[in-house]
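Single-letter residue listing:
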Amino acid sequence: MICGTDEAGRGPLAGPVTAAAVVLPSSFPFEILADSKKLSHKQLIEAEKVIREKAIAFAITFISNEEIDEINILNAALKAMALSYEKVNNTIKVDKLMVDGNRSPRKFIDNGSLEIETVVKGDSKIYEIMAASILAKTARDRFMDELDKKYPLYNFKKNKGYPSKEHQEAIIKYGLTPCHRKSFHLKNVIIKEEQDLLPL
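Rules used throughout
Residues numbered from 1 in each chain as written. Predicted model: local features only at pLDDT ≥ 70, side-chain atom pairs only at ≥ 80, totals over all residues. Heavy atoms only, no water. Salt bridge = Lys/Arg side-chain N within 4 Å of Asp/Glu carboxyl O. Helix = DSSP H or I, 4+ residues; strand = E, 2+ residues; numbered from the N terminus. Buried < 20%, exposed > 50% of the residue type's maximum accessible area, 1.4 Å probe, protein only. Pairing = 2+ DSSP bridges. pLDDT = per-residue confidence, 0-100. Contact = heavy atoms within 4.5 Å. Axes fitted to C-alpha atoms, helices over the stretch in contact; angles between N-to-C directions. Parallel < 35°, antiparallel > 145°, perpendicular 65-115°, else oblique. Left-handed = near helix turned anticlockwise from the far one by under 90°. 1 Å grid on protein atoms, 1.4 Å probe; cavity = no way out; pocket = protein on both sides within 12 Å on 5 of 7 lines; lining within 4 Å. Points joined across faces, edges and corners; volume = space filled by probe spheres on them. Nonpolar A, V, L, I, M, F, W, Y, C, P; charged D, E, K, R; others polar.

Undergrad: Before we move on, can you summarise the pattern of salt bridges with the specific residues and values?
TA: For the coordinates displayed, the defined rule picks out 12 salt bridges. A salt bridge links Lys79 to Glu67, with the shortest nitrogen-to-oxygen separation between them at 2.5 Å. With Lys79 in helix H3 (residues 73-91) and Glu67 in helix H2 (residues 65-71), this pair connects stretches of sequence that are 12 residues apart. Residues Lys160 and Asp145 are paired through a salt bridge, measuring 2.5 Å at the closest nitrogen-oxygen approach. Taken as a pair, Lys160 in the loop between helix H5 (156-159) and helix H6 (165-174) and Asp145 in helix H4 (residues 127-150) lie far apart in primary sequence, 15 residues in all. Like Asp145, Lys160 is buried. By sharing partners, the salt bridges in this structure join Asp35, Lys37 and Asp123 into a single network.

Undergrad: Summarise the pairing of strand E3 (residues 57-63); cite the residues concerned and give the values.
TA: Most of E3 is tucked away: 5 of the 7 residues are buried. In this sheet, E3 lies alongside strand E2 (residues 17-23) in antiparallel orientation, the contact comprising 7 bridges. Bridge pairing in E3 links Val22 to Phe58.

Undergrad: Describe in detail the confidence of the model for the chain, supporting the description with residues and values.
TA: Averaged over the chain, the pLDDT score is 92; the fraction of residues at 70 or greater is 93%. pLDDT under 50 marks residues 192-200. Its contacts with residues more than four places away, or in other chains, come to 17 contacts.

Undergrad: Could you give an account of the packing of helix H1 (residues 41-54) against H4, naming the residues involved and the relevant values?
TA: When two helices pack together, their arrangement is captured by the angle between the axes and the distance separating the axes. It is the contact of H1 with H4, at a shortest axis distance of 9 Å, that shows an interaxial angle of 115 degrees. In terms of orientation, H1 and H4 fall into the roughly perpendicular class. Pair H1 / H4 crosses with left-handed handedness. On H4, the residues that touch Leu44, Ile45, Ala47, Glu48, Ile51 and Arg52 of H1 are Ala131, Ile134, Leu135, Lys137, Thr138 and Arg142.

Undergrad: Can you tell me about the layout of surface pockets, naming the residues and giving the values?
TA: The calculated volume of the largest pocket comes to roughly 450 Å³. If you trace the largest pocket, you find 22 residues lining it, with Asp6, Glu7, Ala8, Gly9 and Lys37 closest to the centre. The set of elements that each furnish at least two residues to the lining of the largest pocket consists of strand E1 (2-8), H3 and H4. No other element matches the 4 residues that H4 contributes to the lining of the largest pocket. Grouping the constituent residues of the lining of the largest pocket by class yields 5 nonpolar, 5 polar and 12 charged.

What follows is the structure, given as structure tokens:
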């Protein structure tokens with residue numbers, strides 16, 4: 001029983017990092033899967049719907065910007081993947097965990113005997129990782145769309161918290177929101193947190 005896991009949102013200046021874990025049946029329509037970065041928004045939403053309907057098991061985990069600042073983004077991403085795996089494993093026993101990238105989340109997993117394989121560019125090679133990537137991305141995008149309603153000045157609906165020029169200019173002009181990662185810094189820009197935090 002193979003479980004794939006991947007994360008979305010390591011690079012943004014705001015919002016959570018999100019990870020998903022997925023186990024797929026042999027009857028799954030694998031042709032709808034691809035690297036999530038290469039799928040259109042419409043294809044992502046359609047694939048997400050099928051994955052949610054047909055996966056044997058799946059789970060999604062968000063790690064907040066506050067925890068990212070506390071344990072760093074790499075550990076937060078690995079922890080999110082580990083927690084997603086744990087949720088899936090509570091539903092169905094996983095024999096092998098396949099992880100996108102070259103870093104294993106083993107230190108966050110209780111099962112020391114679990115077989116874990118890291119796969120560089122796994123989101124374009126392994127179906128279960130592709131599916132996890134799609135679920136992580138669509139879930140995080142939806143989260144950022146909701147944040148956009150709360151903080152419209154930053155256009156999170158468009159930039160999803162990534163450091164686009166527009167987003168950087170908004171930070172310089174308006175300061176940081178409570179959803180920004182305080183440990184992530186814009187080059188050559190000093191923002192005094194105690195002065196520039198926007199109210200909740």
